[in-house]
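One letter stands for each residue in the lines below.
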Amino acid sequence: MSKNYYELTYIINPVLEDDEFSEIVNKFTDFIRDNEGEIDEVDEWGIRKFEHEMKGKNSGYYVNAYFNAPGELIEKLERQLRLDDNVIRYLTLKYDAKMLRHREQQRKGTVPNVFAQEEEEED
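Residues numbered from 1 in each chain as written. Predicted model: local features only at pLDDT ≥ 70, side-chain atom pairs only at ≥ 80, totals over all residues. Heavy atoms only, no water.

Enquirer: Can you explain the pattern of salt bridges? Please cite residues and give values.
Expert: As enumerated under the stated definition, the model contains seven salt bridges in all. For Arg107, the salt bridge is made with Asp40, and the minimal N-O distance between the two is 2.4 Å. Taken together, the positions of Arg107 in helix H3 (residues 97-108) and Asp40 in strand S2 (residues 38-54) put the pair 67 residues apart, joining distant regions of the chain. Judged by its relative accessible area of 41%, Arg107 is partly exposed. For Arg103, the salt bridge is made with Glu41, and the minimal N-O distance between the two is 2.6 Å. Here Arg103, found in helix H3, pairs with Glu41, found in strand S2; they are 62 residues apart in sequence, far enough to count as distant. (Salt bridge = Lys/Arg side-chain N within 4 Å of Asp/Glu carboxyl O. Helix = DSSP H or I, 4+ residues; strand = E, 2+ residues; numbered from the N terminus. Buried < 20%, exposed > 50% of the residue type's maximum accessible area, 1.4 Å probe, protein only.)

In structure tokens form, the structure reads like this:
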């Protein structure tokens, strides 16, 4: 079974306690692992303010997860995210070759600064 590389960003209700955030993050991380997925990285951004109100909230706890998984897992995972009342929003991206190269550069810290020339011109 072939696996694809995915990025999942989800927003958790900000009124929860720190241990509840960890429980939710672990719940989805374990769900991915239990369904033949391999977690690459889980990056918790913490509470961020929204530009526009969502579901009556002005902020949310952001989590970004990178993982390899079979395509069939995504439908199951998104269903679990929809069913969890503490998840405000989520977005799953399937990486193509160009996105994978960029991700590798991020890991190595070699992402080129494409704005360097513009910054020099502004000075």
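Enquirer: Describe a negative patch on the surface, with residues and values.
Expert: Residues Glu17, Asp18, Asp19, Glu20 and Glu23 make up a contiguous surface patch of negative charge. By the element assignment, Glu20 lies in helix H1 (residues 18-34). (Patch = residues over 30% accessible without salt bridge, like charges linked within 9 Å, V, L, I, M, F, W, Y side chains within 5 Å. Areas by Shrake-Rupley, 256 points an atom, 1.4 Å probe, with all protein chains shown as cover. Lys, Arg positive; Asp, Glu negative; His and termini not counted. Charge placed at Lys NZ, Arg CZ, Asp CG, Glu CD.)

Enquirer: Quick rundown of unusual backbone geometry? Include the residues and the values.
Expert: At Glu36, a position not held by glycine, the phi torsion is positive, near 70°. Note that Glu36 resides in the loop between H1 and S2. Its identity as a non-glycine residue notwithstanding, Lys55 has a phi of 50°, on the positive side. Here Lys55 shows up in the loop between S2 and strand S3 (57-70). Among the residues examined, Lys55 registers a relative accessible area of 62% and is labelled exposed.

Enquirer: Got a sec to walk through the sheet that holds S2? Specific residues and values, please.
Expert: The four strands lie next to each other as S2-S3-S1-S4, forming an open sheet whose pairing is antiparallel. The sheet is open, and its two borders are formed by S2 and strand S4 (87-94), each paired with just one other strand. When strand polarity is set aside, the average angle formed by the axes of neighbouring strands in this sheet is 20°. Pairing between strand S1 (residues 3-12) and S3: ten bridges, direction antiparallel. (Pairing = 2+ DSSP bridges. Axes fitted to C-alpha atoms, helices over the stretch in contact; angles between N-to-C directions.)

Enquirer: So what's going on with the pairing of S3? Residues and values would help.
Expert: Counting buried positions along S3 yields eleven of 14 residues, so the element is predominantly enclosed. Here eleven bridges tie S2 to S3, and the two strands are oriented antiparallel to one another. Across the sheet, the residue bridging to Ile47 is Tyr61, located in S3.

Enquirer: Which residues make up H1, and what are the values?
Expert: For H1, built from 17 residues, the straight-helix expectation of 24 Å at 1.5 Å per residue is met to within 8% by its first-to-last C-alpha distance of 24 Å. Of all the residues in H1, the buried ones are Phe21, Ile24, Val25, Phe28, Thr29, Phe31 and Ile32. All buried residues of H1 fall inside an arc of 155° around its axis, so they share one side. Away from its buried face, by an angle of more than 90 degrees, H1 presents the exposed residues Glu23 and Asp34. The elements touched by buried residues of H1 are S1, S2, S3, helix H2 (71-83) and S4. Within two residues after H1, Glu36 carries a phi angle of roughly 70°, on the positive side. (Expected span 1.5 Å × (residues − 1). Arc of directions from axis to C-beta. Contact = heavy atoms within 4.5 Å.)

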